[in-house]
Amino acid sequence: GEACSSMFRYCVDVLHFSEASAFKRIAAARAARDFPELLEAVRRGELHVTAVRLLAPHLDRGNCAELIALAKHRTADQIKRLLADRQPKPDVGASVRRVSSLAPLAPRETKANSNSSTHAEPTTRPLISPRSPIDPSPKPTPTPEPLGGDRYSIRFSADRETHAQIRELQALMRHKFPDGDLGAILGHAVAVLHKQVRKQKFADCAKPRQRTQSKPAGSGQRGPDATGRKIPAAIRRAVAQRDGERCSYASRSGRRCGAIGFLEFHHVIPWVRCRSHEVENITLRCRAHNQYAADLDLGGDVMARFRKGGPDDLAVRSTGVRPTDAGGNGQLDLSPVQRPTSGT
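To keep things clear, this report deals only with the structure shown in the data block. No experiment lies behind these values; they were computed from the predicted model shown. (Residues numbered from 1 in each chain as written. Predicted model: local features only at pLDDT ≥ 70, side-chain atom pairs only at ≥ 80, totals over all residues. Heavy atoms only, no water.)

**Examining the packing of aromatic side chains**
- Per the stated rule, a full pass over the model turns up one aromatic pair.
- Considering the side-chain rings of Tyr249 and Tyr292, the 6.0 Å spacing of their centres and the 90° angle between planes classify their relative orientation as edge-to-face. Of this pair, Tyr249 sits in the loop between α9 (233–243) and β5 (263–267) while Tyr292 sits in helix α11 (residues 287–298), and the two are 43 residues apart along the sequence.
- Given the relative accessible area of 40%, Tyr292 is considered partly exposed.
- In this structure, Arg25 is placed above the aromatic ring of Phe17, and the distance from its NZ or CZ to the ring centre is 5.2 Å.
- Looking at Arg275, its charged tip hangs above the ring of Trp271, at a distance of 5.3 Å from the centre. (Phe/Tyr/Trp six-rings, centres within 6.5 Å; stacked < 30°, edge-to-face > 60°. Helix = DSSP H or I, 4+ residues; strand = E, 2+ residues; numbered from the N terminus. Buried < 20%, exposed > 50% of the residue type's maximum accessible area, 1.4 Å probe, protein only. Lys NZ or Arg CZ within 6 Å of the ring centre and 35° of its normal.)

Listed below in structure tokens is the structure:
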């Protein structure tokens, strides 16, 4: 009746869904036709449409209620792991293969007609028109595919140097992995790097040194540990353990951010005012909430100068010298900017 040859064309041409959205909703509608409980769960906000599409191939009358309850309020990745645990897949064999690159083709030369009385200059004609250069789409972020249990299938692309290093690692570690199992070798390498990065980020080590007590934050004087802008290892370690290595920012309703990426150490009383490092004054924040707090404390206009691309950032890149205050101690003077009191 709407002059569409299929429901897919109707969703795309009339409802103006994207192709992916149309496919997802049609698959969910077909599953809800056999299992109306799915539609009720979506209406109550317990399942999203992607969850219905993921559950649909695994549903029958015996497990419908159980799967809906297990998938309630779960993300797509969590549902994939749940389904993989119920129906484990076999291990994926390790393999390395060469992938052709999308390098532009070289122009091809054409010779002039030898029978022509005039000798024309050789011309070049590109195989691909310059108006439509090769523009590959951005590389998708590799997503591990759950195979069930504690196993995942991981695929990634590597350059020539990384490939050579992997091959050399296989040869060097034959004494530990005689079969040259690539997954085991990369797992061992990741474990070593993981330990190194945690030591750099959170000062996580087997035998940490005890820190000495420093003067309270806000006293205006440096304590024994506060020997510059760098936060001492013992304080970073204590803050990371207290905050669970996640962003500690909480909204007014009490919802915690909990992000684990782009973590930074945030001074509740800005360091440019207290010049001290104390566990009680430092929290873990993701970069977004750290910058958000800096805008509130010091002013968005002030912070915009120092962020990437700002005027002071460009000056540092060109001269290699950071802006200094009147005292010439290499620190920005932000004393005129008053911090709001707790009563305001």
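**Quick notes on the side chain of Asn63**
- Relative to the helices and strands, Asn63 resides in the loop between α4 (49–55) and α5 (64–71).
- Under the relative-accessibility criterion, Asn63 is labelled buried at 11%.
- At a separation of 2.9 Å, a polar atom in the side chain of Asn63 contacts the main-chain carbonyl oxygen of His58.
- Contacts of Asn63, omitting those with residues within four sequence positions, involve His58 and Arg86. (Polar contact = N/O pair within 3.5 Å; in protein donor to acceptor, adjacent residues only side chain to side chain. Contact = heavy atoms within 4.5 Å.)

**Some words on α11**
- For α11, which comprises twelve residues, the first-to-last C-alpha distance of 16 Å matches the rise-based estimate of 16 Å (1.5 Å per residue) to within 8%.
- Turning to α11, its buried residues are His289, Asn290, Ala293, Ala294, Asp297 and Leu298. Burial along α11 is one-sided: seen end-on, the buried residues are contained in an arc of 145°. In α11, the exposed residues that point more than 90 degrees away from the buried face are Ala288 and Leu296. (Expected span 1.5 Å × (residues − 1). Arc of directions from axis to C-beta.)

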